[in-house]
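Single-letter residue listing:
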Amino acid sequence: MGPQPSSAADVADGLKTCDYLADEGLATAVFLAMTLNRPLLLEGEPGVGKTETANALAAWTGGELIRLQCYEGIDVAQAVYEWDYSRQLLHLRTAEATGGATRETADALEDELYSERFLIRRPLLRAIAGTEGPPPVLLIDEVDRADDEFEAFLLEILSDYAVTVPEIGRFAAATPPRVIITSNRTRDVHDALKRRCLYHWVEHPEFEREVAIIGRRAPGVSELLARQVAAAVAAFRELGLYKPPGVAESIDWSLALGRLGAAELTPEITQASLGSVLKYREDQQRVVDQGIGGLIEQAIARAG
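About the thresholds
- Residues numbered from 1 in each chain as written.
- Predicted model: local features only at pLDDT ≥ 70, side-chain atom pairs only at ≥ 80, totals over all residues.
- Heavy atoms only, no water.
- Phe/Tyr/Trp six-rings, centres within 6.5 Å; stacked < 30°, edge-to-face > 60°.
- Helix = DSSP H or I, 4+ residues; strand = E, 2+ residues; numbered from the N terminus.
- Buried < 20%, exposed > 50% of the residue type's maximum accessible area, 1.4 Å probe, protein only.
- 1 Å grid on protein atoms, 1.4 Å probe; cavity = no way out; pocket = protein on both sides within 12 Å on 5 of 7 lines; lining within 4 Å.
- Points joined across faces, edges and corners; volume = space filled by probe spheres on them.
- Pairing = 2+ DSSP bridges.
- Axes fitted to C-alpha atoms, helices over the stretch in contact; angles between N-to-C directions.
- Contact = heavy atoms within 4.5 Å.
- Salt bridge = Lys/Arg side-chain N within 4 Å of Asp/Glu carboxyl O.

So, about the packing of aromatic side chains. This model, assessed by the stated rule, comprises five aromatic pairs. For the pair F150 and F153, a centre-to-centre distance of 6.4 Å together with 40 degrees between the ring planes defines the contact as tilted. Here F150 pairs with F153, and both are found in helix α8 (residues 148–160), just three residues apart, close to one helical turn. For F153, a relative accessible area of 23% translates into the label partly exposed. Pairing Y242 with Y280 gives two aromatic rings, centres 4.7 Å apart and planes at 75 degrees, and the pair type is edge-to-face. Of this pair, Y242 sits in the loop between α11 (223–237) and α12 (247–259) while Y280 sits in the loop between α13 (267–272) and α14 (281–290), placing them 38 residues apart in sequence. A relative accessible area of 63% places Y242 in the exposed class. Linked through ring pairs, Y81, W83 and Y114 together constitute an aromatic cluster.

The subject of this paragraph is empty space enclosed by the protein. The full count for this structure, using the stated rule, is one cavity of 30 Å³ or more. The computed volume of the largest cavity comes to approximately 100 Å³. Going through the elements one at a time, α2 (24–36) and β8 (178–183) are the ones with two or more residues in the lining of the largest cavity.

One open sheet holds the five strands; their spatial order is β2-β5-β8-β1-β9, and the pairing between them is parallel. Because the sheet does not close on itself, it has two edges, and the strands there are β2 (65–69) and β9 (198–201). Each adjacent strand pair in this sheet contributes to an overall mean axis angle of 20 degrees, direction not counted. Across five bridges, the pairing between β2 and strand β5 (residues 137–141) is parallel. Looking at β5, one finds that L68 is bridged to I140. Lying on the sheet, α2 is in contact with β1 (40–43), β8 and β9; it crosses β9 at an angle near 165 degrees.

What follows concerns the pattern of salt bridges. A full pass over the atoms with the stated rule returns 16 salt bridges. In this structure, the salt-bridge partner of E82 is R122, at a minimum N-O distance of 2.2 Å. Of this pair, E82 sits in strand β3 (residues 81–83) while R122 sits in the loop between β4 (119–121) and α7 (123–129), placing them 40 residues apart in sequence. For E82, a relative accessible area of 23% corresponds to the partly exposed category. For R187, the salt bridge is made with E151, and the minimal N-O distance between the two is 2.7 Å.

Interpretation in functional terms is not warranted from these geometric data alone.
Here's what the structure looks like:
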């Protein structure tokens, strides 16, 4: 069944073993989701660690990570199940070639075609059907990209953790999966889905925690450089950028600077590696216009 935490501190310690440093609020939300068997909806800006929460939870609990990446137009065939039409057709041709496709055997042959042998299980069905061992972690990523109709269908699935395949029957979860739903809030998620879930807004980490995260995810980077990177990224976030850098960009930038052999931040190395942390030309230009030298000087002062 995997670990059975008795407190939010247990969750924080467990995720920490997987190099994920959760703050008290997030650890509490995950703890309640695990103990109440409720889906957890995580909202926040891109790059703050929402998806990584599910990855770390799966690694800690030992459950399989099953990811459903949402996008506009996603439907049941991509999310729940579909039939393997090419294998069904091959089976029919084989039956014809061997004389197995006769009028007397037509019903039996049709039953064979619509059996689990030819069923392709997509993420939602895989999570519900389950396997032996700890409950899987179902990550429904970026649900705000999906259509309203799919969100309504998802609401039905999460209500009973069951799916009916008309040709076979009903699949129901013996043990509900642990469900993490993420949203970048490009649109509001419907209230009905929110009522089914526990909710947590994931903030950018505070300075010292971001330094610690960089230290774990970019172990070859010195503490001095990690502190300067965290301070510089914090300064970038205050400039009203189109896409403020998240923790993922802090880690990427630290790794890039380490590969470039930088011992500390300088205006020159920052200018050269800016594409590792800012992914829009307009944001890079704003930083340049603001004055890279001044920003780095402030970051170095804050880093101590």
